[in-house]
Amino acid sequence: MKLYTSFTSPFGRKVRVVLLEKKIDCQLIEDVPNTPDSQIASVNPLGKVPVLILDDGKPLYDSSVIVDYLDHVSPVGKLLPAEHRQSVGVKRWEALADGIIDAAILVMNERRRPPAQQSGDWLTRQQQKIDQGLAGLSADLGEHKWCYGGHFSLADIAVGCCLGYLNFRFPELDWAERHPNLAGLYALLGERPSFQDTAPPAAA
């Protein structure tokens, strides 16, 4: 298998963490969308990373589909419960974490436009999604050690990649001060080699 990804992509990081946690060998191909030499459109019509190329050449996207596939490829370190309702519970965490990332990326892209073309109302709406999403994650986590079911799962990976992306691109948000339980979870995840080995490059 081959994984096309950007090393700064939080969605790509989620897939890379899953690969490491499940001890699945996979060739990594760095590709940054929207750059002149990007090849990602040839494997994903949407021009987005990550994309997993299976051994038969079939591409899989997006990250949620990829990690679901990977969890069934290897029995090592199951990240999704076998029971459907519990699996949906984990995927709900993933959906909220991914949604926060989506809003953060929209904010970042809007800020890259010339100041005169930026929409203050648009930025405010996306920021509200981020703030409300973080509040939702914090409320659901409560005093628990892990996000779902009392043990490490895909829910924790998704939330960890979300919080890591906010630290990387939006350090001014200071979410850890407002949500110390999320900060505790993030510190716990930071002890895992899979998170240490997939941290965004410092110079990016």
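Quick note: structure is the one above.
All values derive from a computational prediction rather than experimental measurement.

Colleague: Is there a simple way to think about the packing of aromatic side chains in this case?
Modeller: Pairs of aromatic rings are described using the distance from one ring centre to the other and the angle between the two planes. Evaluated as defined, the whole model comprises two aromatic pairs. Here the aromatic rings of W146 and F152 are separated by 5.6 Å at their centres, their planes lie at 75°, and the arrangement is edge-to-face. With respect to class, W146 is no different from F152; both count as buried. Taking 5.8 Å as the distance between ring centres and 85° as the angle between the ring planes, the aromatic pair formed by W175 and Y186 counts as edge-to-face. With a gap of eleven residues between them, W175 in helix α6 (residues 175-178) and Y186 in helix α7 (residues 180-189) connect regions that are remote in the sequence. A residue is classified by how much of its surface remains accessible, and W175, at 2% relative accessible area, is buried. Using a relative accessible area of 23% as the deciding quantity, one classes Y186 as partly exposed.

Colleague: Is there a simple way to think about the sheet that holds strand β3 (residues 51-53) in this case?
Modeller: Consider a sheet: its strands pair through backbone hydrogen bonds, and that pairing is either parallel or antiparallel. Reading across the sheet, the four strands line up as β2-β1-β3-β4 and stay open at both edges, with mixed pairing between neighbours. Of all the strands in the sheet, the pair left with one neighbour each is β2 (27-30) and β4 (59-60). Helix-sheet contacts for helix α1 (residues 10-21) involve β1 (2-5) and β2, and the interaxial angle to β1 is about 150°.

Colleague: Hey, could you run me through helix α2 (residues 63-73) in this one?
Modeller: Helical geometry note: an α-helix holds 3.6 residues per turn, so side chains three or four residues apart project in the same direction. Taken residue by residue, α2 has S63, I66, V67, L70 and D71 as its buried positions. The arc that holds every buried residue of α2, seen down its axis, measures 135°, which confines them to one face. Among the structural elements, α1, β3, β4, α3 (84-111) and α5 (154-169) are those in contact with the buried residues of α2.

Colleague: In this structure, what is going on with the side chain of T5? I would like to understand it.
Modeller: Mapped onto the elements of the fold, T5 is located in strand β1. Residue classification places T5 among the buried residues on the basis of a relative accessible area of 0%. With residues near it in sequence (within four places) discarded, T5 still touches G12, R16, I29, E30, D31, V49 and P50.

Colleague: Please clarify how the packing of helix α4 (residues 120-141) against α7 should be interpreted in this entry.
Modeller: Each pair of packed helices can be described by the angle between their axes along with the distance between the axes. Two numbers describe how α4 lies on α7: the axes approach to 8 Å, and their chain directions differ by 80°. Looking at the two axes, α4 sits roughly perpendicular to α7. Contacts between α4 and α7 involve L134, L137, S138 and L141 from the former and N181, L182 and L185 from the latter. Partitioning the contact of α4 with α7 into residue classes produces five nonpolar, two polar and no charged.

Calculation notes
- Residues numbered from 1 in each chain as written.
- Predicted model: local features only at pLDDT ≥ 70, side-chain atom pairs only at ≥ 80, totals over all residues.
- Heavy atoms only, no water.
- Phe/Tyr/Trp six-rings, centres within 6.5 Å; stacked < 30°, edge-to-face > 60°.
- Buried < 20%, exposed > 50% of the residue type's maximum accessible area, 1.4 Å probe, protein only.
- Helix = DSSP H or I, 4+ residues; strand = E, 2+ residues; numbered from the N terminus.
- Pairing = 2+ DSSP bridges.
- Contact = heavy atoms within 4.5 Å.
- Axes fitted to C-alpha atoms, helices over the stretch in contact; angles between N-to-C directions.
- Arc of directions from axis to C-beta.
- Parallel < 35°, antiparallel > 145°, perpendicular 65-115°, else oblique.
- Nonpolar A, V, L, I, M, F, W, Y, C, P; charged D, E, K, R; others polar.

As far as function goes, none of this settles anything; it's purely spatial.
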